[in-house]
Amino acid sequence: METLSKNYLQLNNRKVIVITAVLVLAFVVLTILQDLSEARFRNRSFYLSESFMFSSFWWLFVPVMYGQYVFAKQKKPAPLSLKIALICIPFFLHLFAFPGLVWVISKLFYYHTFRYSQTFQYTVAEYLYLLLFFYSVPVGMYFLLRAKKTSANANIFEKSETVSADTIPAAVYVTPPAPTVTSFIVAEGTRRVQIAIVDIMYITAQPPYVSLQTAGKKYLHSASLKSMLDQVEPGPLVRIHKSAIVNIDKVRAYTSRQNGDYDLTMKDGQELRVSRNYAAAFKAAFAVKSSG
């Protein structure tokens, strides 16, 4: 699954690059055609090499907009400060980089070198509104669509404020297979103690150990949460957070926080947090348990 996810992300990133490059190429061609038409209309000379050099304004959109897209995906949900930075940084980067690019190209390949200040003034006069549009509208639409998608997904799982074992119809679910092991052997001083899975309330990470909490005692065990889950899946132990596992048979009810997270109440009254990343799997396991 992880490999498929990486392949999908790589394919998605390639699509963004290809689409951006095609659009930039189209704008480059249109810019050259516009310069040619304007030269003929005003009865003046047209220099293809010079027109092509100034079309480098559009070349910069490929790396800058792709970088903007990559950084926009990093933070979920993105704070307002990041959204503003994702507009301002590419905007000013492009604004100041283009005159420098023209200066370098003309210095290396042309008989006449265009001064940086001259090209900068031209950019501000001709392209400022284009820079503002291309670096604000697409990223704004991206965040808007992502927010709508997140909201739609949250609504699917938050139709009820509180869900308990009595509220779920039993006929919909199937009882999972039995776990591969029924207990763990943990060290308690010089002794070895056998802890039955059915007696475990929850397990939390306390690097380099994990803490097994039973109804009356806590035990430290030299293992990882993942290795413990691998031994009992499928079974009553369900991950609810990157640092916590809960025994689904010990859960009484859970309540939505209206942000994708949940609070669950154990049968002894203890409350734990369910992260939105593990909410779907937890609720599915709770529904199966409730149907039994």
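From a predicted model like this one, the values you see are computed outputs, not experimental measurements.

## Describing the nonpolar core
- The biggest cluster of nonpolar side chains holds 21 residues, and the ones touching the most others in it are Phe57, Trp58, Phe61, Phe98, Leu131 and Tyr135.
- When residues of this core are traced back to their parent elements, those giving at least two are helix 1 (2–41), helix 2 (48–54), helix 3 (56–59), helix 4 (61–72), helix 5 (80–109) and helix 6 (116–157).

## Remarks on the confidence of the model for the protein
- Across the protein, the average pLDDT comes to 78, with 79% of residues at 70 or higher.
- Of all secondary-structure elements in the protein, the lowest mean pLDDT belongs to strand 1 (residues 162–164), at 54, while strand 8 (residues 244–247) reaches the highest, 92.
- Scored below 50 in pLDDT, residues 1–11 shows 0 contacts in the model against residues more than four places distant or in partner chains.
- Predicted confidence is poor over residues 170–174, with pLDDT under 50, and the contacts of this stretch with residues over four places away or in other chains come to 6 contacts.

## As for the pattern of salt bridges
- According to the stated counting rule, one finds 7 salt bridges in the structure shown.
- Where Asp263 meets Arg257, a salt bridge forms, and the shortest distance between an N and an O atom there is 2.9 Å.
- Take Asp263: its relative accessible area is 23%, and that puts it in the partly exposed class.
- A residue is classified by how much of its surface remains accessible, and Arg257, at 36% relative accessible area, is partly exposed.
- The shortest N-O distance in the salt bridge between Asp261 and Arg273 comes to 3.7 Å.

## Structural notes on helix 4
- An ideal rise of 1.5 Å per residue puts 16 Å on 12 residues; helix 4 measures up with 16 Å between its terminal C-alpha atoms.
- Of all the positions in helix 4, only Phe61, Val64, Met65, Gln68, Tyr69 and Ala72 are classed as buried. In an axial view of helix 4, the angular spread of the buried residues amounts to 135°, which keeps them on one side of the axis. The exposed residues of helix 4 that point more than 90 degrees off its buried face are Pro63 and Phe71.

## Concerning the sheet that holds strand 8
- Spatially, 6-5-4-8-7 is the arrangement adopted by the 5 strands of the open sheet, whose pairing is antiparallel. What marks the edges here is a single partner per strand, and that holds for strand 6 (218–221) and strand 7 (237–241). Taken over all neighbouring pairs, the strand axes of this sheet differ in orientation by 25° on average, direction set aside.
- In the packing of helix 7 (residues 225–232) onto the sheet, contacts are made with strand 4 (200–206), strand 5 (209–214), strand 6, strand 7 and strand 8, and the angle to strand 7 comes to roughly 150°.

## Considering the packing of aromatic side chains
- A complete count under the given rule lists 22 aromatic pairs for this structure.
- Judged by centre distance (5.4 Å) and plane angle (80°), the ring pair of Phe57 and Phe98 falls under edge-to-face. With a gap of 41 residues between them, Phe57 in helix 3 and Phe98 in helix 5 connect regions that are remote in the sequence.
- Phe57 sits in the buried class, given a relative accessible area of 0%.
- Ring geometry for Phe96 against Phe120: centres 5.3 Å apart, planes inclined by 20°, an arrangement best described as stacked. Taken together, the positions of Phe96 in helix 5 and Phe120 in helix 6 put the pair 24 residues apart, joining distant regions of the chain.
- Among the residues examined, Phe120 registers a relative accessible area of 21% and is labelled partly exposed.
- Of the aromatic side chains, those joined through ring pairs into one cluster are Phe54, Phe57, Trp58, Phe61, Phe98, Phe114, Tyr122, Tyr127, Phe133, Phe134 and Tyr135.

## Section: helix 5
- Counted at 1.5 Å a residue, the expected span for helix 5 with its 30 residues is 44 Å, and the 43 Å between its end C-alpha atoms agrees.
- At Ala97, helix 5 shows its largest kink, close to 25°, and the proline Pro99 lies no more than four residues downstream.
- Those residues of helix 5 that sit buried are Leu86, Pro90, Phe91, His94, Leu95, Phe98, Pro99, Val102, Ile105 and Ser106.

Basis of the calculations
Residues numbered from 1 in each chain as written. Predicted model: local features only at pLDDT ≥ 70, side-chain atom pairs only at ≥ 80, totals over all residues. Heavy atoms only, no water. Core = buried A, V, L, I, M, F, W, Y, C linked by side-chain atoms within 4.5 Å. Buried < 20%, exposed > 50% of the residue type's maximum accessible area, 1.4 Å probe, protein only. Helix = DSSP H or I, 4+ residues; strand = E, 2+ residues; numbered from the N terminus. pLDDT = per-residue confidence, 0-100. Contact = heavy atoms within 4.5 Å. Salt bridge = Lys/Arg side-chain N within 4 Å of Asp/Glu carboxyl O. Expected span 1.5 Å × (residues − 1). Arc of directions from axis to C-beta. Pairing = 2+ DSSP bridges. Axes fitted to C-alpha atoms, helices over the stretch in contact; angles between N-to-C directions. Phe/Tyr/Trp six-rings, centres within 6.5 Å; stacked < 30°, edge-to-face > 60°. Bend = angle between axes of the 7 residues up to and from the residue.

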